[in-house]
Amino acid sequence: KLERGSIFYKCNNIPNCDFIIFSTIAQKNVPEIEILKLLKNKRTGLIKGFQSKAGKSFDAFLLLKDDFKIEFEFIKK
């Protein structure tokens, strides 16, 4: 079960759980439906409009790895 804060989602039904996902990733506010997909399927749908540190826009899927880190998966060209 998730609790939504102003800038994050965290578990709220497991004692000592420190799992947290920020709702903004790479300057993109990730829709709640995609956060739920990420937790259920370990992968979101394609999300458009992320911003790189250099300011370039890109589209990607988010992946939840076994160590609970989030990574980008890019469209294969």
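Residues numbered from 1 in each chain as written. Predicted model: local features only at pLDDT ≥ 70, side-chain atom pairs only at ≥ 80, totals over all residues. Heavy atoms only, no water.

What is the right way to read the overall build of the protein from this model?
Within the protein, the regular secondary structure consists of one helix and eight strands. Starting at the N terminus and walking to the C terminus, you meet the elements of the protein as β-β-β-β-β-α-β-β-β. Projected onto its principal axes, the C-alpha positions of the protein cover 40 × 25 × 20 Å. The proportion of buried residues among the 77 residues of the protein is 27%. Side-chain charges in the protein split into 15 positive and 9 negative, and the spacing between the mean points of these groups amounts to 5 Å. (Helix = DSSP H or I, 4+ residues; strand = E, 2+ residues; numbered from the N terminus. Buried < 20%, exposed > 50% of the residue type's maximum accessible area, 1.4 Å probe, protein only. Lys, Arg positive; Asp, Glu negative; His and termini not counted. Charge placed at Lys NZ, Arg CZ, Asp CG, Glu CD.)

Explain the packing of aromatic side chains to me, please; I cannot follow it from the model alone.
Each aromatic ring pair is described using two quantities: the centre-to-centre distance and the angle formed by the ring planes. Evaluation of the coordinates by the stated rule reveals six aromatic pairs. Between the aromatic rings of F50 and F72, the centroid separation amounts to 5.2 Å while the plane-to-plane angle is 70°, which identifies the pairing as edge-to-face. In this pair, F50 sits in strand β6 (residues 47-51) while F72 sits in strand β8 (residues 70-73), placing the two residues 22 residues apart along the sequence. Taking relative accessible area as the criterion, F72 reaches 32% and is therefore assigned partly exposed. Through pairs of rings, three or more aromatic residues link up here, namely F50, F58, F72 and F74. Taking NZ or CZ as reference, R43 lies 3.9 Å from the ring centre of F61, over its face. (Phe/Tyr/Trp six-rings, centres within 6.5 Å; stacked < 30°, edge-to-face > 60°. Lys NZ or Arg CZ within 6 Å of the ring centre and 35° of its normal.)

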